[in-house]
Amino acid sequence: MTPITRLNAPTTEEAVQQVATTGVALFGEVAAMYEEGYLGRRNQIARPTREKEEFYLRQYIVPRWGKLRLNQIQPQCVEDWLLTTFDSWWTMHGVRAIMSRVFYYAEGHGLWEEGRRSPASKARLGKKRYKRERRILSFEETARVLAHLEEPTLLIVETCIATGTRISEVLGLQWKHVDLDAGTIKIEQRVWHQDIDRPKSEDSRRTLGIGDLVPRFAAKAAEDGALPDAYIFQQKRAPGRPLWDSGVRDALHQAAEAEGCDFPGLGPHSFRRANITWRQEVGGSSIEASKIAGHNNLEMTGEYTFVTPERQNELTRRIQQKLAAAANNGKQEKNAELVSPLPMPSEPSTLKHMEPVTRVVQ
């Protein structure tokens, strides 16, 4: 077996031989190269992404496929394995993507034929499905839930609602990221398990308007004696450290349960979905919603957009009202034609064409 270090930097003769025998490298060796190379770029790969991929590689992917050569892995086998190993469609989708990236990494090192699809990418996952009910709270339900929250949880949740930010982005905010004059916050980092890291993607770096929350942020800045590098939402027991998101989630569930509108998927992220949905309902375009959310494509924005029954009825009634108005206008025009008098001639036709009469005098 060729050592992994030699696969990573082949000689000219070895490169020619590899092209002739593309796909013979062991999947486990290439996965190790991928983990050390691509995932090892700590300044480019966010920690949550890196740890998630490392977990699935070590716990699931390599134990199952590591001893096979790249060209021995078949799409149907990958498909069967995914469907029998994982319950969540999204987990299957993510694991399949990791496997495909390993093959793409192999292609970049001459170990897989250039342009050839990976067997993992050919595995079909079936119809997209969701483990939990997909829903958001209505405006009325949201207002009732907010009434139960106390500061700073209230301001955190209202920031998520107003801007569509992720909870990790809100908790990563420092006062230097706030511009009270412009009424904006700047997303430059996020906090995950108390680790401060870069945003999820380059599209996630963005400036967001906070609207009517400016006075609230100004009041908090004055109360806290805000310093540029201080976190806006800090732990009471550990000043200088950002809040944990678990406390925010617990408070939300308690408030929603008190109002009878709690559900398993409720959390700060559901308000991100609400923001994306509501922004379009009040007149924003899907492109605007996508940019503000930090998505890199409209397909993802579509996944976050809910067309609620209330919104459907609103749009349906608009169509019905226009149709009813058109029908009513048609009836009025028809009735007007029936009741209008016949046009009167300007002068009787008999007078116009009458021959002169000669009066006979007796």
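Procedures and definitions
Residues numbered from 1 in each chain as written. Predicted model: local features only at pLDDT ≥ 70, side-chain atom pairs only at ≥ 80, totals over all residues. Heavy atoms only, no water. Helix = DSSP H or I, 4+ residues; strand = E, 2+ residues; numbered from the N terminus. Buried < 20%, exposed > 50% of the residue type's maximum accessible area, 1.4 Å probe, protein only. Contact = heavy atoms within 4.5 Å. Salt bridge = Lys/Arg side-chain N within 4 Å of Asp/Glu carboxyl O. 1 Å grid on protein atoms, 1.4 Å probe; cavity = no way out; pocket = protein on both sides within 12 Å on 5 of 7 lines; lining within 4 Å. Points joined across faces, edges and corners; volume = space filled by probe spheres on them. Nonpolar A, V, L, I, M, F, W, Y, C, P; charged D, E, K, R; others polar. Pairing = 2+ DSSP bridges. Axes fitted to C-alpha atoms, helices over the stretch in contact; angles between N-to-C directions. Parallel < 35°, antiparallel > 145°, perpendicular 65-115°, else oblique. Arc of directions from axis to C-beta. Core = buried A, V, L, I, M, F, W, Y, C linked by side-chain atoms within 4.5 Å. Phe/Tyr/Trp six-rings, centres within 6.5 Å; stacked < 30°, edge-to-face > 60°. Lys NZ or Arg CZ within 6 Å of the ring centre and 35° of its normal.

A. Just the overall build of the protein, in detail. Along the backbone of the protein there are 16 helices and 5 strands. The buried share among the 362 residues of the protein stands at 38%. For the protein, restricting intrachain contacts to residue pairs at least 6 apart in sequence, the fraction spanning at least 24 positions comes to 65%.

B. Structural view of the pattern of salt bridges. Summed over the entire model, instances satisfying the criterion amount to 18 salt bridges. Glutamate 53 serves as the salt-bridge partner of arginine 101, at 2.6 Å between the closest nitrogen and oxygen. Note that arginine 101 is positioned in helix H6 (residues 89-108) and glutamate 53 in helix H4 (residues 47-65), a separation of 48 residues in sequence. Classification of arginine 101 as partly exposed rests on a relative accessible area of 31%. Between lysine 220 and aspartate 224 there is a salt bridge, and its shortest N-O distance comes to 3.1 Å.

C. The arrangement of the layout of surface pockets in detail. In this structure, the second largest pocket encloses a volume near 770 Å³. Contributions of two or more residues to the lining of the second largest pocket are made by helix H8 (153-163), helix H10 (214-224) and helix H11 (245-258). For the lining of the second largest pocket, the element with the highest residue contribution is H11, accounting for 6 residues. A per-class count over the lining of the second largest pocket returns 16 nonpolar, 8 polar and 7 charged.

D. Region of the structure containing the sheet that holds strand S2 (residues 184-187). Within the open sheet, the 3 strands sit side by side as S1-S2-S5. Their pairing is antiparallel. The outermost strands of the open sheet, each flanked by one partner alone, are strand S1 (178-179) and strand S5 (206-209). Inspection of the sheet shows S2 paired to S5 by 4 bridges, in the antiparallel sense. The residue of S5 that forms the bridge with isoleucine 185 is leucine 208.

E. The packing of H8 against H11, seen in detail. The N-to-C vectors of H8 and H11 enclose an angle of 90 degrees; their axes lie 10 Å apart at closest approach. Viewed along their axes, H8 and H11 adopt a mutual orientation that is roughly perpendicular. Of the residues in H11, those touching H8 at Thr153, Ile156 and Val157 are Val248, Ala251 and Leu252. Here the residues of the contact of H8 with H11 are counted per class, giving 5 nonpolar, 1 polar and no charged.

F. Up close: helix H5 (residues 75-85). When we look at burial in H5, the residues that qualify are Val78, Glu79, Trp81 and Leu82. Buried residues along H5 cover an arc of 165 degrees about the axis, so they all sit on one side. The inward-facing, buried residues of H5 abut H4 and H6.

G. Molecular detail of the nonpolar core. By size, the foremost hydrophobic cluster in this structure holds 40 residues, and its most contacted members are Ile156, Val157 and Phe233. Of all the secondary-structure elements, those providing two or more residues to this core are helix H7 (139-146), H8, helix H9 (167-171), S2, H10, H11 and helix H12 (268-281). At 6 residues, the largest contribution of residues to this core is made by H8. Excluding its chain neighbours within four sequence positions, the residues that come into contact with isoleucine 156 are Ile167, Val170, Leu171, Phe233, Leu243 and Val248.

H. Broad picture of the pairing of S2. Two strands pair when backbone bridges link them, and S1 and S2 are joined in this way by 2 bridges, in the antiparallel orientation. When the sheet's bridge partners are listed, aspartate 179 is paired in S2 with threonine 184.

I. Main features of the packing of aromatic side chains. One pass over the structure, following the stated rule, counts 13 aromatic pairs. Ring geometry for tryptophan 81 and phenylalanine 86: centres 5.7 Å apart, planes at 80 degrees, overall edge-to-face. We note that tryptophan 81, like phenylalanine 86, is buried. Centroid distance phenylalanine 139 to tryptophan 278: 4.0 Å. Interplanar angle 20 degrees. Geometry classified as stacked. You can see phenylalanine 139 sitting in helix H7 and its partner tryptophan 278 sitting in helix H12, a full 139 residues away along the chain. Here the aromatic residues Phe55, Tyr56, Tyr60, Trp65, Trp81 and Phe86 are joined through ring pairs into a cluster of three or more. Sitting over the ring of tryptophan 65, arginine 64 keeps its end group 3.9 Å from the ring centre.

J. Quick peek at the environment of serine 121. Checked against the element boundaries, serine 121 lands in the loop between H6 and H7. For the pair serine 121 and proline 75, spaced 46 residues apart in sequence, the C-alpha to C-alpha distance is 7.7 Å. Not counting residues up to four positions away in its chain, the partners in contact with serine 121 are Arg96 and Ser100.

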